[in-house]
Amino acid sequence: MEKLDISKRINELSDTIRYHNELYYRDAQPEISDFEYDQLLKELQRLETQYPEFAQTDSPTQRIGNDISNKFETVYHKYPMLSLGNTYSREELSDFYRRVQQGLEGQECEFVCELKYDGVSISLTYENGKLTRAVTRGDGTRGDDVTENVKTIKSIPLVLKGDDYPQNFEMRGEIFMTHKTFEKLNNIRQESGDNLFANPRNATAGSIKMQYSSEVAKRYLDCFLYYILGEELPYDNHFDNLKKAKSWGFKIPEDIIKCKNLDDVFDYINYWDTARKNLDYDIDGIVLKVNNYKQQEQLGYTAKTPRWAISYKFKAEQAVTELLSIDYQVGRTGAITPVANLQPVFLAGTTVKRASLHNAEQIALLDLRIGDKVFVEKGGEIIPKVVGIAVREHKNPPTKFIAHCPECGTELIKNEGEAKHFCPNDNGCPPQIKGKIIHFISRKAMNIESLGEESVELFFNKGLIHNAADLYQLKIEDILPLERFAQKSAENIINSIESSKTVPYPRVLYALGLRYVGETVAKILAKAFPNIDLLINASIEELTEVHEIGERIAESVKEYFSQADIIEFVNKLKEAGLQFKVDREEQKSDILKDMSIVISGVFVHHSRDEYKTIIELHGGKNSSSISKNTSFILAGDNMGPSKKEKAQKLGVELKSEEEFLKMLND
Ligand code: IVH
């Protein structure tokens, strides 16, 4: 690869991984499988190691994802919650085994094999036999205090049995949802028109972060415990302590075994790779741990993972079936997605009839033809994929990708460097128009709740609306004659359209639906260009000067606002009274302008989240890691020692809470 291409690829990978991080950690709605995500991350890690000169300082490889949300108190873990190194390859597993043996210099070593539960990890603190705290993993150092929600999980003991448990210890494990509960939950959601959860793990993540524990109780979550931490544990090894913990009332998995050699480990893997299909919950691999604590200590830890454990992940489940035909779907942005219609086949718990084919390149690469017997794969997620050809017993010609939009007939375009074909007729192609309106009204955009997808479809088909701006011209009299709408529901729609006029500028910007402008980018743009006219007139250079705005986004913004009908559309929205500038009253000062501030520790006067908002309201930027670009650290009590050390090394100033508040008041 040329140097320029390497730098481009690194930027591209970083952008893509950030995007998927948001979907996974923030929205609990991933679009790609863990496997695909790991491949992206590994490629980025490899390129960064090989070409450190191109690595971004805030590269996504620098941070493990975090699930901290602002509804809960953030608390520090007593022992950091590490992740596990993982592999999909048996050779790498053998390498791990050899490394351990070498590290232990010939000592005899016992391993423990366990299942790798695919849920949400949790750390439970027990004091004097009582559950006192339950914290999510968060960023590994601190997580959300979800104690009240966790208390609703019946398999987690609130009070321990017996009298031989340590006075103070932590139990860690995985909260999960059974397939049965998951299906019931999604059925109910479908009936009430709510978004469906993609898989049990996402449903679990969503449930554990709900606002009311009474609602969590209705999700029937379950929990396996697989790791105990404390200073006064009864045994000197993992296995015996877990068995003991069972007698205190914990749900310890029955499928843990001790292994003496690699053959035992591979037998365990082979068995569970098949047997997992009969479980009523998801596992995505197995975990191999060194049993003895002394040996664990001897092997030690890397920055993020123990050297005494590894996970081996199963490849996604596959099935073989016939490709019957290919449909082409047109999305909100005009992107064309080919979808395979398949001879129905049973795969990982459901019957699969359709699968994604991604794009023209993918079809060409696989040389997929109608009539082929194909491999279909479900990566534990959402939409199954066609990943290869199993058999070809026909003479059908190669698949020709469509040249015209199946919805409006416009000739498709394909931009250089992009994999997807697009229908360029954004303002005349029905699914694009409807898709844009549906995005516009969605919860995180204008939040016009009482108008659902079906109503948008109906209003559009009846000619009442041609774009989102037309919503603001709607009157009750327009809606009433339509079937299904009574006075009350028509009023609700008009009222929620009216209230959307107060939605703040960053969300309005997001609602417009520019390509590559998700919620986070919209916030960044709104901050840098505090009114829409500044943004409309911004040059590519001005746009790319903004931290985190790359060329791809800049070009998308420029292209969007260069269209006369878009300007007309924005003007109509302005006339309707939507917010197209940052509310100045909100912005308190720009005393922290251009400053990058890291918050660390525990505070007295405001919560951490309040401080984050305060920093933004005074023009500053919150950053999660200390670097030479950090302006100062807002340091509360109990700031972590490693952070302190790093700050000292880089000469970054620490400001106390009082100093900081004084600075703002002055
Ligand atoms: S042990 C220091 N055991 O996998 C080791 N983790 O990728 C701590 N997980 O965050 C973890 N099953 O959420 C361990 N039997 C098991 C597990 C398991 C699932 C999850 C856990 C952890 C992640 C690491």
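Residues numbered from 1 in each chain as written. Predicted model: local features only at pLDDT ≥ 70, side-chain atom pairs only at ≥ 80, totals over all residues. Heavy atoms only, no water.

Colleague: Honestly, helix H15 (residues 487–499) in this entry has me stumped. Any pointers?
Modeller: For the α-helix, the turn length of 3.6 residues means that residues three or four positions removed from each other point alike. A rise of 1.5 Å per residue sets the reference length of H15, with its 13 residues, at 18 Å; its end C-alpha atoms lie 18 Å apart and thus fit the reference within 8%. Burial in H15 covers these residues: Ala490, Ile493, Ile494, Ser496 and Ile497. Around the axis of H15, the buried residues are gathered within 165 degrees of arc, so they sit on the same side. Buried residues in H15 make contact with helix H13 (453–461) and helix H14 (476–479). (Helix = DSSP H or I, 4+ residues; strand = E, 2+ residues; numbered from the N terminus. Expected span 1.5 Å × (residues − 1). Buried < 20%, exposed > 50% of the residue type's maximum accessible area, 1.4 Å probe, protein only. Arc of directions from axis to C-beta. Contact = heavy atoms within 4.5 Å.)

Colleague: How should the packing of aromatic side chains be read in this particular structure?
Modeller: Describing an aromatic ring pair means giving the distance of the ring centres and the angle of the ring planes. Applying the stated criterion across every chain yields a total of 22 aromatic pairs. With 5.7 Å between their ring centres and 50 degrees between their planes, Phe459 and Phe485 make a pair best called tilted. Of the two residues, Phe459 sits in helix H13 while Phe485 sits in the loop between H14 and H15, which places them 26 residues apart along the sequence. Lying across the ring of Phe224, Lys251 places its NZ or CZ 5.2 Å from the centre. One cation-aromatic arrangement involves Lys655 over Phe632; the distance from NZ or CZ to the ring centre is 5.1 Å. (Phe/Tyr/Trp six-rings, centres within 6.5 Å; stacked < 30°, edge-to-face > 60°. Lys NZ or Arg CZ within 6 Å of the ring centre and 35° of its normal.)

Colleague: Looking at this structure, how should I read the nonpolar core?
Modeller: Side chains of nonpolar character tend, in soluble globular proteins, to be buried together. Core analysis: the biggest nonpolar cluster contains 59 residues, and Phe440, Leu471, Tyr472, Leu525 and Phe561 have the highest contact counts within it. Of all the secondary structure elements, the ones that give two or more residues to this core are helix H12 (430–441), H13, H15, helix H16 (505–512), helix H17 (519–528), helix H18 (532–537), helix H20 (551–561) and helix H21 (564–576). If you tally residues by element for this core, the top one is H16, at six residues. Leave out the neighbours within four places in its chain, and Tyr472 touches Phe440, Met446, Ile448, Ile497, Ser500, Lys501, Leu573, Ala576 and Leu578. (Core = buried A, V, L, I, M, F, W, Y, C linked by side-chain atoms within 4.5 Å.)

Colleague: Sorry, what's going on with the side chain of Arg201 here?
Modeller: Its location among the elements puts Arg201 in helix H6 (residues 200–208). What makes Arg201 buried here is its relative accessible area of 4%. One polar contact links Arg201 to Asp118, side chain to side chain, over a distance of 3.0 Å. (Polar contact = N/O pair within 3.5 Å; in protein donor to acceptor, adjacent residues only side chain to side chain.)

Colleague: I'm lost on the site of the ligand in this one. Help?
Modeller: Taken together, the neighbourhood of the ligand is formed by 13 residues, with Glu114, Leu115, Glu174, Tyr226 and Lys289 sitting nearest. Leu115 places a polar main-chain atom, nitrogen or oxygen, 3.0 Å from a nitrogen atom of the ligand. With respect to the ligand, the side chain of Glu174 contributes an N or O atom lying 2.6 Å from an oxygen atom. Across the complex, the protein chains shield 91% of the 530 Å² of accessible surface that the ligand would expose by itself. (Near = heavy atom within 4 Å. Areas by Shrake-Rupley, 256 points an atom, 1.4 Å probe, with all protein chains shown as cover.)

Colleague: I tried to follow the sheet that holds strand E7 (residues 168–176) on my own but got confused; where do I start?
Modeller: Note: strands within a sheet are paired through backbone hydrogen bonds, in either parallel or antiparallel orientation. Spatially, E5-E4-E7-E8 is the arrangement adopted by the four strands of the open sheet, whose pairing is antiparallel. The strands lining the two open edges of the sheet, one partner per strand, are strand E5 (130–136) and strand E8 (222–230). Neighbour to neighbour, the strand axes of the sheet diverge by 30 degrees on average, direction disregarded. Here strand E4 (residues 120–127) runs beside E5; their pairing, made up of six bridges, is antiparallel. (Pairing = 2+ DSSP bridges. Axes fitted to C-alpha atoms, helices over the stretch in contact; angles between N-to-C directions.)

Colleague: Would you mind showing me how to read the pattern of salt bridges here?
Modeller: It is possible for side chains bearing opposite charge to pair when their charged atoms get close. Enumeration according to the criterion identifies 27 salt bridges in this entry. Asp95 serves as the salt-bridge partner of Arg98, at 2.8 Å between the closest nitrogen and oxygen. Residue Arg98 and its partner Asp95 are located together in helix H3 (residues 90–103), separated by three residues, close to a single helical turn. What makes Arg98 partly exposed here is its relative accessible area of 46%. Here Asp222 makes a salt bridge to Lys251, at a shortest N to O gap of 3.0 Å. Within this pair, whereas Asp222 is found in strand E8, its partner Lys251 is found in the loop between helix H8 (238–247) and strand E9 (257–259), the two being separated by 29 residues in sequence. On the basis of relative accessibility, which here comes to 15%, the residue Asp222 falls in the buried class. Given a relative accessible area of 28%, Lys251 falls into the partly exposed group. One salt-bridge network, in which partners are shared between bridges, spans Asp367, Arg369, Asp372 and Arg392. (Salt bridge = Lys/Arg side-chain N within 4 Å of Asp/Glu carboxyl O.)

Colleague: Mind showing me how you'd approach the sheet that holds strand E11 (residues 309–313) here?
Modeller: Strand order in the open sheet made by the five strands is E2-E11-E10-E3-E9, with mixed pairing throughout. If you trace the sheet from one side to the other, it starts and ends with strand E2 (86–87) and E9, each paired once. Sheet topology note: the strand E3 (residues 111–117)/strand E10 (residues 283–290) ladder contains seven bridges and is antiparallel. Residue pairing across strands places Val112 opposite Lys289, the latter belonging to E10. Sheet strands in contact with H3 are E2, E3, E10 and E11, and its direction is about 170 degrees off that of E11. Packed on one face of the sheet, H8 meets E3, E9 and E10 and runs near 55 degrees to E3.

Colleague: What am I meant to see in the side chain of Ser14 here?
Modeller: As for its placement among the helices and strands, Ser14 is situated in helix H1 (residues 3–26). A relative accessible area of 0% places Ser14 in the buried class. Ignoring sequence-local partners within four residues, the contact set of Ser14 consists of Leu44, Gln56 and Pro60.

Colleague: Looking at this structure, how should I read the packing of helix H22 (residues 608–617) against helix H24 (residues 657–665)?
Modeller: Helix-helix packing: each pair is described by the crossing angle between the helix axes and the interaxial distance. With their axes 12 Å apart at the nearest point, H22 and H24 run at an angle of 30 degrees to one another. The angle between H22 and H24 falls in the class roughly parallel. Handedness of the H22/H24 crossing: left-handed. Between H22 and H24, the contacting residues are Tyr611, Ile614 and Ile615 on the first element and Glu657, Phe660, Leu661 and Leu664 on the second. (Parallel < 35°, antiparallel > 145°, perpendicular 65-115°, else oblique. Left-handed = near helix turned anticlockwise from the far one by under 90°.)

Colleague: What exactly am I supposed to notice about H13 here?
Modeller: Ser455, Val456, Phe459 and Phe460 are the residues of H13 that are buried. The arc enclosing the buried residues of H13, seen along the axis, measures out at 130 degrees, which places them on a common side. Of the residues in H13, the exposed ones pointing more than 90 degrees away from the buried face are Glu453, Glu454 and Asn461. Tucked into the core, H13 has its buried residues touching H12, H14 and H15. Note on H13: the residue one or two positions beyond its end, Gly463, has a positive phi of about 80 degrees.

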